[in-house]
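A closer look at the structure
So you can see what is in the structure, the chains are spelled out below.
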Amino acid sequence: MRRTLALIATMVLFAGTTSAQVTPAAGFTPPDDTPSLRVGMTMFTDFTYQQSPKISDADGNQVSLSQFQIGRTYLNFTGNVSHIVSYRITPDIARETNATPALSGSYIFRIKYTFAQFSLDDWITNSKGNWVRLGIQQTPWVDFEEGIYRYRFQGTVFSERENIGPGGPGGFLSSSDAGASFHYNFPSNYGDVHAGIYNGEKYNKAETNDQKSFQFRGSVRPFATMDPTLRGLRAHFFYDKDSYVVNAERTRLIAGLTYEHQYVNICYQYLDAHDQTTALGTPFDQEGKGYSIWATPKQGTGNVGWEGLLRYDHLIPDNRSIVVVPDPTGTNITYDSQARDRTIVGVAYWFPHTGGATAALLFDYDIQTFGPGVPGAGVPGANASQTTTKKIAVHGLFTF
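Residues numbered from 1 in each chain as written. Predicted model: local features only at pLDDT ≥ 70, side-chain atom pairs only at ≥ 80, totals over all residues. Heavy atoms only, no water.

Considerations on the pattern of salt bridges
Threshold: Salt bridge criterion: a side-chain nitrogen from Lys or Arg within 4 Å of a carboxyl oxygen from Asp or Glu. Labels follow the DSSP assignment, with helices taken as runs of H or I lasting at least four residues and strands as runs of E lasting at least two, numbered in each case from the N terminus. Throughout this description, buried means an accessible area under 20% of the type-specific maximum (1.4 Å probe, protein chains only), exposed means over 50%, and partly exposed covers the range between.
Taken as a whole and judged by the stated rule, the model has 16 salt bridges. The salt bridge partner of Asp 192 is Arg 217, with a shortest N-O separation of 2.7 Å. Note that Asp 192 is positioned in strand β9 (residues 191-198) and Arg 217 in strand β10 (residues 213-220), a separation of 25 residues in sequence. Among the residues examined, Asp 192 registers a relative accessible area of 6% and is labelled buried. Judged by relative accessible area, which is 2%, Arg 217 ranks as buried. The partner of Arg 342 in a salt bridge is Asp 366, and the shortest N-O contact between them spans 2.9 Å. Of this pair, Arg 342 sits in strand β18 (residues 340-350) while Asp 366 sits in strand β19 (residues 358-370), and the two are 24 residues apart along the sequence. Judged by relative accessible area, Arg 342 falls into the buried class, the value being 11%. Salt bridges linked by common partners bring Arg 72, Asp 92 and Arg 110 together as one network.

Now the structure itself:
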């Protein structure tokens, strides 16, 4: 009996010891579920000299406006709750121009991003970078384009900078809004999709009604596994289906091509926007069309060193502004009484850096012209009071 009990005790002890010595299979690394917090900063600063139009000072003198300013300051708080749950909180410190007189011109503190992100990579095994986000977050197109363009510190991209014109709302798109979205990367780097439902009122405004914005971007890299020279080519489709109120649509469509190479990034995009601010009475109903082309030739050594910026934007805020008028010889000539064109030419230096830190200086010339109207047809330009705007600036980017 004693021998039997001793044998049983030995077997239990051996089993416990063996169990304690079991290790994960070779090559397996347990996920890191350690909570973390990282703090970063992004700052846009510039000195801008406006050649034209002139402004009047307090004594009525015609002078050229010049100013030092901080365009944006972001404080970035990012981290993980676990390997599945992460977060980002980004306050935005910007100058307020539409507040009460006591605050107008002051720098105010507001939220640009605040969201939780849930990784899906544990369940989607054929690719990485798949997630669901909830909160005030990046919208599918603007932030995506800025990641290729890199010159947000000079000014916003075409779809965010331009709008439908007098009487209409602000930029066609916003870089951030409150909502829920999903992102999926195709296997072998063949592209990705990003889709979400948002309030549609932009990150700096509260929701006003029951309407929501559905936004979708799909990008395809057709030569992902071919020659490196071809891998940088991608085709993009973006669509935003929204409404100001019931039966008063607000839609945006963008189709584009981008090419990324160690010596140059290039983009062409076409935008179509329809805005109907009310479905009753005489609605404000416009259809805008336009395109943007930009290129950033560079040295090619790790995105540092000298780089150029070439950009041209063309917009017709309302397609109804296109008028066909015969000239004295009877030949029909097409005029666009509302066209807006912007040309940006610049040279930048991106300083060498380590880790996630970035610093760059850009010297640029920015000129915007407006449609003059139709000669002899009594059709003024939509911006008849606007004159050509010319600015020379030095822009700085600092981030870590």
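Considering the nonpolar core
We count it as follows: Nonpolar cores were defined as sets of buried Ala, Val, Leu, Ile, Met, Phe, Trp, Tyr and Cys residues, with membership established by side-chain atoms within 4.5 Å. Contacts are assigned to residue pairs that have any heavy atoms within 4.5 Å of one another.
Of all hydrophobic cores here, the largest spans 27 residues; its most connected members are Trp 141, Tyr 151, Phe 153 and Trp 350. Those elements that place two or more of their residues in this core are α2 (142-149), β13 (264-276), β15 (305-316), β18 and β19. Here this core takes four residues from α2, the largest share from any one element. The contacts of Trp 350, once residues within four sequence positions are left out, are Arg 150, Tyr 151, Phe 153, Asn 303, Val 304, Gly 305, Glu 307, Thr 358, Ala 359, Ala 360 and Leu 397.

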